[in-house]
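Notes for the structure review
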Amino acid sequence: MEIVGMGQGSEVEQTGNIASEVKNLLQLQGELVVKLIESAQVPAPGDRSTVPGLGIRLDVHI
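Residues numbered from 1 in each chain as written. Predicted model: local features only at pLDDT ≥ 70, side-chain atom pairs only at ≥ 80, totals over all residues. Heavy atoms only, no water.

1. Overview of the overall build of the chain
Regarding its fold elements, the chain presents one helix and zero strands. Entry remark: accessible area of the chain is about 6000 Å², with carbon and sulfur atoms responsible for 62%. (Helix = DSSP H or I, 4+ residues; strand = E, 2+ residues; numbered from the N terminus. Areas by Shrake-Rupley, 256 points an atom, 1.4 Å probe, with all protein chains shown as cover.)

2. A closer look at the environment of serine 39
Structurally, serine 39 is set in helix 1 (residues 6-40). Residue class for serine 39 comes out exposed when judged on its relative accessible area of 57%. Of note is the side chain of serine 39, whose polar atom sits 2.9 Å from the backbone oxygen of leucine 36. (Buried < 20%, exposed > 50% of the residue type's maximum accessible area, 1.4 Å probe, protein only. Polar contact = N/O pair within 3.5 Å; in protein donor to acceptor, adjacent residues only side chain to side chain.)

Remember that the coordinates give geometry; whether it matters functionally is a separate question.
Okay, here's the thing in structure tokens:
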């Protein structure tokens, strides 16, 4: 790509900055989705780990 003139050079730099910010936002969004999925996991009956915020675990067998 050839850059001619000052106006086009600043536009290319601005476009590069915007692309970099979009990339950073997508990475952050991905990290937040992973944390959301991890926080929504409910322990299975065989899981002996304690998960904060779930209170007392109750196993119901039918």
